[in-house]
Amino acid sequence: MWFAQRLASLVESNREHFAADLVIPVPLDRSRLRERGFNQAELIAKPLAAMLGIPFRSYLLVRTRPRPNQLRLTRRERWETVRGAYATHNARRLTSCGFYW
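Right, let's walk through the structure included here. Owing to the predicted nature of the structure, the values given are computational and were not obtained by experimental measurement.

**A look at the overall build of the protein**
Next up, step 1: Regarding its fold elements, the protein presents 4 helices and 4 strands.
Next up, step 2: The linear arrangement of helices and strands in the protein, starting from the amino end, is α-α-α-β-α-β-β-β.
Next up, step 3: For the protein, the proportion of its 101 residues judged to be buried stands at 23%.
Next up, step 4: For the protein, the share of sequence-separated contacts (at least 6 apart) that also reach a separation of at least 24 residues comes to 60%.

**A few points about the nonpolar core**
Next up, step 1: Of all hydrophobic cores here, the largest spans 10 residues; its members are Ala4, Ala8, Val11, Val23, Ala45, Leu48, Ala49, Leu52, Ile54 and Phe56.
Next up, step 2: Of all the secondary-structure elements, those providing two or more residues to this core are α1 (2-13) and α3 (40-52).
Next up, step 3: When residues in this core are grouped by element, the largest group, 4 residues, is from α3.

**Some details on the packing of α1 against α3**
Next up, step 1: Contact geometry for α1 and α3: axes closest at 8 Å, N-to-C directions at 40 degrees. The pairing of α1 with α3 is recorded here as oblique in orientation. Considering the relative orientation of α1 and α3, their crossing is right-handed. Every residue of α3 that contacts α1 at Phe3, Ala4, Gln5, Leu7, Ala8, Val11 and Glu12 is listed here: Ile44, Pro47, Leu48, Met51 and Leu52.

**Side note on α3**
Next up, step 1: For α3, which comprises 13 residues, the first-to-last C-alpha distance of 19 Å matches the rise-based estimate of 18 Å (1.5 Å per residue) to within 8%.
Next up, step 2: Considered for burial, the residues of α3 that qualify are Ala45, Pro47, Leu48, Ala49 and Leu52.
Next up, step 3: On its buried face, α3 sits against α1.
Next up, step 4: The first or second residue beyond α3 is glycine 53, which carries a positive phi of 70 degrees.

**Let's talk about the pattern of salt bridges**
Next up, step 1: In total, this model carries 2 salt bridges according to the counting rule given.
Next up, step 2: In this structure, glutamate 12 and arginine 15 form a salt bridge, with 2.9 Å as the shortest nitrogen-oxygen distance.
Next up, step 3: On the basis of relative accessibility, which here comes to 42%, the residue glutamate 12 falls in the partly exposed class.
Next up, step 4: Linking glutamate 80 and arginine 83 is a salt bridge whose minimum nitrogen-to-oxygen distance equals 3.4 Å.
Next up, step 5: Residue class for glutamate 80 comes out partly exposed when judged on its relative accessible area of 38%.

What counts as what
Residues numbered from 1 in each chain as written. Predicted model: local features only at pLDDT ≥ 70, side-chain atom pairs only at ≥ 80, totals over all residues. Heavy atoms only, no water. Helix = DSSP H or I, 4+ residues; strand = E, 2+ residues; numbered from the N terminus. Buried < 20%, exposed > 50% of the residue type's maximum accessible area, 1.4 Å probe, protein only. Contact = heavy atoms within 4.5 Å. Core = buried A, V, L, I, M, F, W, Y, C linked by side-chain atoms within 4.5 Å. Axes fitted to C-alpha atoms, helices over the stretch in contact; angles between N-to-C directions. Parallel < 35°, antiparallel > 145°, perpendicular 65-115°, else oblique. Left-handed = near helix turned anticlockwise from the far one by under 90°. Expected span 1.5 Å × (residues − 1). Salt bridge = Lys/Arg side-chain N within 4 Å of Asp/Glu carboxyl O.

Read these as spatial facts, not as claims about activity.
Right, dumping it as structure tokens:
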């Protein structure tokens, strides 16, 4: 909850730099979720969305493949592991002016 409060205060104090129609947490790979038992991004995103008064939609983004352990990768290698690792659920379209499914 502390992270969500901190992020909400940053967004509120810099509204001109942050514009969002909804909050979508980054999904974990199924095996990583089983291992941890929770998704930290979701635990932060849900209260953040409530504090900002915008919808929370955890089901819109899905992981398409697992990513390797990031610990020993360079910044460039980490960026490359993100490419193609996520997609919208059932090819739902998200637009800059809103969303629909």
